[in-house]
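# Understanding the architecture of this molecule
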Amino acid sequence: MKSEPNPVSKYIITNSTYCLISRAFRNHVHTLILDKHGQVTVSFQPLRVIRHTCSLHGTTYEAAKHHAKNFFGHTRHKMPIMVAYNFGEPCVMFPLFSPQSKQNIWVAVNAIINIEERNESTVVTFLDGSEQVFPVHLKSFNQQYVRAVIYTKNIVIQRNNSI
């Protein structure tokens, strides 16, 4: 029998966050969060964690999404977004599926040190050497990752030019 995941009530995304993974448990969606300290489960969907973090940093998910769409064009979907600016470094997350999907996964661009294909999935190695298998083809993952890297670089350039 599956044991209760012991979810916490809040989590703030930082540059220590690696990814947010949807997990169904007893007809309820939880979010498994992997970060440099290990893992924690929150009792709601990944998008709510994203929205909460944006709000704590004085913006909204919609504003962060709008900023990304202004950079990439309004016809793009699954845009990376900056959820925070921690200690001079943007914290950019990108979705692997539709952000509104209950099965979505969000990955932090700055946490990745390697990406490889395994069967029909993508294996990501994070900063601490841990690996996570994502149920998405490597080509699709790479498109999202490259988009997030370009967006992150643009944010840093804009910030440096305004100082």
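This report concerns the structure included in the present document.

The rules behind the values
Residues numbered from 1 in each chain as written. Predicted model: local features only at pLDDT ≥ 70, side-chain atom pairs only at ≥ 80, totals over all residues. Heavy atoms only, no water. Helix = DSSP H or I, 4+ residues; strand = E, 2+ residues; numbered from the N terminus. Rg over C-alpha atoms; globule rule 2.2 N^0.38 Å. Buried < 20%, exposed > 50% of the residue type's maximum accessible area, 1.4 Å probe, protein only. Contact = heavy atoms within 4.5 Å. Areas by Shrake-Rupley, 256 points an atom, 1.4 Å probe, with all protein chains shown as cover. Lys, Arg positive; Asp, Glu negative; His and termini not counted. Charge placed at Lys NZ, Arg CZ, Asp CG, Glu CD. Axes fitted to C-alpha atoms, helices over the stretch in contact; angles between N-to-C directions. Parallel < 35°, antiparallel > 145°, perpendicular 65-115°, else oblique. Nonpolar A, V, L, I, M, F, W, Y, C, P; charged D, E, K, R; others polar. Phe/Tyr/Trp six-rings, centres within 6.5 Å; stacked < 30°, edge-to-face > 60°. Salt bridge = Lys/Arg side-chain N within 4 Å of Asp/Glu carboxyl O.

### Here we look at the overall build of the protein chain
Looking only at helices and strands, one finds three helices and nine strands in the protein chain. Over its C-alpha trace the protein chain gives a radius of gyration of 15 Å, about what one expects of a compact globule, namely 15 Å for 163 residues. Per-residue burial over the protein chain gives 45% buried out of 163 residues. The contacts of the protein chain with a sequence gap of at least 6 include a subset with a gap of at least 24, amounting to 48%. In the form shown here, the protein chain has an accessible surface area of approximately 8,900 Å², with 52% of it arising from carbon and sulfur atoms. Here the protein chain contributes 17 positively and 9 negatively charged side chains, and the mean placements of these two sets differ by 10 Å.

### Here's the deal with the packing of helix α1 (residues 46–56) against helix α2 (residues 61–72)
Relative orientation of the contacting elements α1 and α2 amounts to 90°, with a least axis distance of 8 Å. Looking at the two axes, α1 sits roughly perpendicular to α2. Contact with α1, carried on its side by L47, I50, R51 and C54, involves Y61, E62 and A64 of α2 and no other residues of that element. Partitioned by chemical class, the residues of the contact of α1 with α2 number five nonpolar, no polar and two charged.

### Focus: the packing of aromatic side chains
This structure, assessed with the given rule, holds eight aromatic pairs. Judged by centre distance (5.8 Å) and plane angle (45°), the ring pair of F71 and Y151 falls under tilted. Of this pair, F71 sits in helix α2 while Y151 sits in helix α3 (residues 138–162), and the two are 80 residues apart along the sequence. F71 gets classed as partly exposed once you look at its relative accessible area, which sits at 32%.

### Regarding the pattern of salt bridges
Scanning all chains against the criterion turns up three salt bridges. The partner of R51 in a salt bridge is E62, and the shortest N-O contact between them spans 2.5 Å. Here R51, found in helix α1, pairs with E62, found in helix α2; they are eleven residues apart in sequence, far enough to count as distant. The salt bridge partner of E131 is R118, with a shortest N-O separation of 3.7 Å. With E131 in strand β9 (residues 131–134) and R118 in strand β7 (residues 112–118), this pair connects stretches of sequence that are 13 residues apart. With a relative accessible area of 36%, R118 lands in the partly exposed category. Salt bridges linked by common partners bring E116, R118 and E131 together as one network.

None of the figures reported here should be taken as evidence of function without further support.
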